[in-house]
Amino acid sequence: MDNRLIIRGGRPLYGDVKISGMKNSALPVIFGTIATGDVCTIKNLPDISDISLALETIEMVGASVRFIDTSTAIIDTRKVMMKSPPLEYVSKMRASTYMLGAMLGRFGRAEVGYPGGCDLGARPINLHLKGFETLGARITYSTSGMITCEAPIGLKGNFVYLDIASVGATINVMLAAVLAEGTTVIENAAREPHIVDMACFLNACGAKISGAGTSMIRIRGVESLHGCTYELAPDMIEAGTYMVAAAATRGRVCVKNIIPKHMESVSTKLREIGIPVEVQDDSITVTGLEGFRGTEIRTNPYPGFPTDMHPQFSALLALSRGVSRVFEGIYPERFRYVPELNKMGANIEVIDGSALINGVETLHGAEVKASDLRAGACLVIAALAADGVTTISSIEYIDRGYEDLVEKLKFLGADIKRV
Ligand code: EPZ
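Note that the structure is a prediction, hence the values are computed from the model and not measured.

J.: Which parts of the structure should I look at to understand the side chain of Asp197?
T.: Examined against the element boundaries, Asp197 turns out to sit in helix H7 (residues 193–204). Despite its burial, Asp197 pairs with no opposite charge, the nearest such side chain being Lys23 at 13 Å. A polar contact of 2.8 Å, which involves the side chain of Asp197, links it to the side chain of Ser25. Not counting residues up to four positions away in its chain, the partners in contact with Asp197 are Ser25, Tyr230, Glu231, Leu232 and Ala233.

J.: What exactly am I supposed to notice about the packing of helix H10 (residues 310–317) against helix H12 (residues 373–385) here?
T.: The interhelical angle for the contact between H10 and H12, taken along N-to-C directions, is 25 degrees, at an axis separation of 7 Å. Compared by their axis directions, H10 and H12 come out roughly parallel. With respect to the hand of their crossing, H10 and H12 are arranged in right-handed fashion. Of H12, the residues touching H10 (which contributes Pro311, Gln312 and Ala315) are Arg374, Ala375, Ala377, Cys378, Ile381 and Ala382.

J.: Help me understand the site of the ligand in this model?
T.: Around the ligand, the structure places 23 residues, and the nearest of them are Arg94, Asn126, Leu127, Ser166 and Asp308. Between Pro124 and the ligand, the recorded distance is 3.4 Å, taken from a backbone N or O atom to an oxygen atom. At 2.7 Å from an oxygen atom of the ligand is found a side-chain nitrogen or oxygen belonging to Ser166. Computed on the free molecule, the ligand has an accessible area of 830 Å², of which 89% lies beneath the protein chains in the complex.

J.: Looking at this structure, I do not really get the pattern of salt bridges. What am I missing?
T.: Under the counting rule described, the total for this entry stands at 20 salt bridges. With a closest N to O distance of 3.4 Å, Glu181 and Lys156 form a salt bridge. Residue Glu181 is located in the loop between helix H6 (167–177) and strand E10 (183–187), and its partner Lys156 is located in the loop between strand E8 (146–150) and strand E9 (159–161); the two are separated by 25 residues in the primary sequence. We classify Glu181 as exposed; its relative accessible area is 56%. Glu278 is the salt-bridge partner of Arg252, the closest N and O atoms lying 2.9 Å from each other. Remark: Glu278 occurs in strand E15 (residues 277–279) and Arg252 occurs in strand E14 (residues 252–256); sequence separation between them is 26 residues. Using a relative accessible area of 38% as the deciding quantity, one classes Arg252 as partly exposed.

J.: Could you clarify how one ought to interpret the sheet that holds E14 in this entry?
T.: Pairing between sheet strands relies on hydrogen bonds along the backbone, with the strands arranged either parallel or antiparallel. The four strands are arranged E2-E14-E16-E15 in an open sheet whose pairing can be described as mixed. In the strand order of this sheet, the two ends are held by strand E2 (14–18) and E15, each with one partner. Each strand of the sheet is rotated relative to its neighbour by a mean of 15 degrees, with strand direction disregarded. Alignment of E15 against strand E16 (residues 283–287), held across three bridges, turns out to be antiparallel. Paired with Glu278 across the two strands is Thr285, which belongs to E16. Where helix H9 (residues 264–272) meets the sheet, it contacts E15 and E16, and its direction lies at approximately 145 degrees from that of E15.

J.: What am I meant to see in unusual backbone geometry here?
T.: Glycine aside, the phi torsion of most residues is negative, and most peptide linkages are trans. Cis geometry marks the peptide bond from Tyr302 to Pro303, where omega comes out at 10 degrees. Relative to the elements of secondary structure, Pro303 occurs in the loop between strand E17 (296–298) and H10. One non-glycine residue with positive phi stands out, namely Asn44, at about 65 degrees. With respect to the helices, strands and loops of the structure, Asn44 is situated in the loop between strand E3 (39–43) and helix H2 (49–59). Phi is positive for Arg250, which is not a glycine, with a value near 55 degrees.

Cut-offs used in this document
- Residues numbered from 1 in each chain as written.
- Predicted model: local features only at pLDDT ≥ 70, side-chain atom pairs only at ≥ 80, totals over all residues.
- Heavy atoms only, no water.
- Helix = DSSP H or I, 4+ residues; strand = E, 2+ residues; numbered from the N terminus.
- Buried < 20%, exposed > 50% of the residue type's maximum accessible area, 1.4 Å probe, protein only.
- Lys, Arg positive; Asp, Glu negative; His and termini not counted.
- Salt bridge = Lys/Arg side-chain N within 4 Å of Asp/Glu carboxyl O.
- Polar contact = N/O pair within 3.5 Å; in protein donor to acceptor, adjacent residues only side chain to side chain.
- Contact = heavy atoms within 4.5 Å.
- Axes fitted to C-alpha atoms, helices over the stretch in contact; angles between N-to-C directions.
- Parallel < 35°, antiparallel > 145°, perpendicular 65-115°, else oblique.
- Left-handed = near helix turned anticlockwise from the far one by under 90°.
- Near = heavy atom within 4 Å.
- Areas by Shrake-Rupley, 256 points an atom, 1.4 Å probe, with all protein chains shown as cover.
- Pairing = 2+ DSSP bridges.

In structure tokens, the structure reads:
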């Protein structure tokens, strides 16, 4: 049965919302437990379908997972064998490529099917594989789409230059390098908060990583890793989504349990269009108001404006008093939310890799469809702000990244239900 959300918009959101653990940290940490070959207790796991899928995937290769409360899992990877998870697991989620780095580091061999995930256009892993080769692995491809990485004499630390500050490649090379012989330096590394989270987790397991969060990460290889207890950082994209929803519905929402520094680009852009943003120690309060301006957004790797906030911010700019331009620097395919937003009365044109947004007075309810996780979040925001009733289908995409979305929005006063 096609899961759908029915939202009656036009109600300002008011109140507090607690942000869950970061999906894009939880995924590499879950696969990273394989490299420890021990027992890890991971706290602040978000209850979302990507996390369930990642835990099932590592269970397929011999890990055991036991939840001791809704957001804490004990993961035992002592019995994990070197084998690839079934293709249907890997084809659903790109993060399963982290299995390569973890297995290669621990066993000197890894095999994974070509990754899938949200369709944001071509999502190659050439930089991941080039990094592994620089550490001494040999890569082979089978006709059935399997990728095999082998380092029969073990991995050797080396200088790895990333042509693109890729989040995935930075994490995967880090995962392989922690158990390599000698020191690895990753140059032009991604600087996202989830890279820092992953490095902190690995260091808690005995790794020797320095520089995470900067564009140069140094990893001194160690003989082996051990288990640890680790609490994930809060999800900056979930936080940004609720900040923008508060602005779009002209409400007042305090987004709690966050690291405000992670939100700087989103806070800055909200202020730029005239939306008041109050920053406290571990929370941010956004107060929506009428008549905010348009602006220009350019998505870039962190600390630039996150590509994962582009669709959500466009839903807000669709209601601005002015013209805006959003340049997408990471995924050219990220504009698939545009026709759906236009069905709701937005006036957006996609012109050579950017969205030209002419603000309109109001949006109206419609039948729309989520094309990927963040496009789904964009439609939820538009529906909350629109006059009338919106039905959003294919919301399994939204369930990949937002824990208790309906409950959290209801608590803030939204008229929303899942059917
Ligand atoms: C991570 O994807 C996130 N996913 C994405 O979030 C996020 O949009 C992206 O980083 C950018 O911030 C997870 O962390 C699980 P990249 P990832 O490698 O690692 C190109 C969401 O909504 N590239 O930084 O795949 C690539 O095509 C998801 O939560 C290569 O060319 O992103 C893209 O254009 C969507 N070769 C750019 O780099 C490579 O080997 C950035 O990709 C790797 C990447």
